[in-house]
Structure formats: structure tokens, C-alpha cells
Amino acid sequence: MWTSNDKATWLALYPVMVKEAIKHLSPLLDSGLGGCHLAVAFDIRMYHIEKALLQSGTIGGASGHIKAVRMTAQYLLREKASIPLVLEKASGLKELTGDAFWDTPTVPEIEEKRKELRDLMQFLIGSGRKQSDIDIADTIDDAEYQPDDTMIDIRTTGKK
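What you see is a predicted model, and the numbers here were worked out from it, not measured in a lab.

### Regarding helix α4 (residues 63-79)
- Look at α4: 24 Å from first C-alpha to last across 17 residues, which is about the 24 Å you get at 1.5 Å a residue.
- When α4 is considered as a whole, its buried residues turn out to be Ile66, Ala68, Val69, Ala73, Tyr75 and Leu76.
- Looking at the buried side of α4, the elements it contacts are α3 (37-56), α5 (84-88), α6 (90-97) and α7 (99-103).

Right, here's the structure in full:
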């Protein structure tokens, strides 16, 4: 396996390396061009978690990515549960939000969740409330009541 940190490797890629890159990287790029960029972002987060698990045996190095995945799953459950596809995959989302899944995950389990839930990322687009601008014409008239007569001087109020 070759590493991406070695500059000499990038300057002289072997045909096997090119095929390997095309096999593994082009699906990510293709899905970003014609598909949902949020699904690609979800894939990348999950890949970071898998990478941390493979490198160190724990997911501690990817805590920021785990937090983002959990918050995304919570948001989908809380705000988008009325969508049939989200409702159908609610059990998988609940697993991602819970501590039990993240205590001792395996790479195949994380990969399975990634494949299962990546289609839900399309529902993150347009999240939030719709904003509307309202232009109300406001006219200011002279009222019959004039408050000048009833003004109180606050400097003398304490002396009374």
C-alpha cells in the first residue's frame, strides 16, 4: 500500500496505483458532481472515522467527525422525521446518536451505516425556516392626545 504523503510516489504513479485511485476515488468525485455534495461530505466524515480506527485501533482521533455525524443524525430524527425515507431509516439514525454504537465500532459496521444512511443527506438541503420580508406601510399622524402636559421631571420625583 502506498502513502499519500510521499511526494516521489505522486510524481511517478505506477499503473496499479492509478487503477486503485480510479477505483476508490472516482466514485466520490462522480457522486459530488451529479449527486448531493452533502452525501459526499458525510462519506468523507465516515471515512475519517474508519481511518482513525484502522490507524490507532480507536476512534478517539476522529472525535470531531463523530460529533458532526451524531448531530446530523439527531437533526434528521428531530426535524425531518416526517419524510418517509428518514422514518424508514430511523433505527439506523438512532444507533448513530447512541453511545452503544460508538463504544466499540468496527470498520464494517461504520461502512454499513455509511452506505445505509448517505441517501438521507439530501434532506439537509433547505433546512431551517423560510424567511419572508413583509413591507407594511406605516403612517404617522398627529394624535389628539399630546403627552407634553403629563410629563414628569425625574429629577424632582425623588424629592417629593
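### Structural notes on the packing of α3 against helix α8 (residues 107-117)
- Where α3 meets α8, the closest approach of the two axes is 10 Å, and the angle between their N-to-C directions is 180 degrees. Looking at the two axes, α3 sits roughly antiparallel to α8. Taking contact as the criterion, the partners of Phe42, Asp43, Met46, Tyr47, Ile49, Glu50, Leu53 and Leu54 in α3 are, on α8, Val107, Ile110, Glu111, Lys113, Arg114 and Leu117.
- Tallied by class, residues from the contact of α3 with α8 come to 9 nonpolar, no polar and 5 charged.

### Some thoughts on α3
- Compared with the 28 Å implied by 1.5 Å per residue over 20 residues, the 29 Å span of α3 between its first and last C-alpha is a close match.
- Taken together, the buried positions of α3 are Ala39, Val40, Phe42, Asp43, Met46, Ile49, Glu50, Ala52 and Leu53.
- Directly after α3, the chain includes Gly57, whose backbone phi takes a positive value near 85 degrees.

### Considering the pattern of salt bridges
- According to the stated counting rule, one finds 7 salt bridges in the structure shown.
- Here Arg114 and Glu111 are joined by a salt bridge, their closest N and O atoms 2.6 Å apart. Taken as a pair, Arg114 and Glu111 lie in helix α8 at a separation of 3 residues, close to a single helical turn.
- The exposure class of Arg114 is buried, given its relative accessible area of 7%.
- A salt bridge links Glu116 to Lys113; the nearest nitrogen and oxygen atoms lie 3.5 Å apart. Of this pair, Glu116 and Lys113 both sit in helix α8, 3 residues apart, roughly one helical turn.
- Since its relative accessible area comes to 6%, Lys113 is described here as buried.
- Through salt bridges that share partners, Asp43, Glu111, Arg114 and Arg118 make up one connected network.

Cut-offs used in this document
- Residues numbered from 1 in each chain as written.
- Predicted model: local features only at pLDDT ≥ 70, side-chain atom pairs only at ≥ 80, totals over all residues.
- Heavy atoms only, no water.
- Helix = DSSP H or I, 4+ residues; strand = E, 2+ residues; numbered from the N terminus.
- Expected span 1.5 Å × (residues − 1).
- Buried < 20%, exposed > 50% of the residue type's maximum accessible area, 1.4 Å probe, protein only.
- Contact = heavy atoms within 4.5 Å.
- Axes fitted to C-alpha atoms, helices over the stretch in contact; angles between N-to-C directions.
- Parallel < 35°, antiparallel > 145°, perpendicular 65-115°, else oblique.
- Nonpolar A, V, L, I, M, F, W, Y, C, P; charged D, E, K, R; others polar.
- Salt bridge = Lys/Arg side-chain N within 4 Å of Asp/Glu carboxyl O.

Interpretation note: all reported values are geometric properties and have no functional meaning in isolation.
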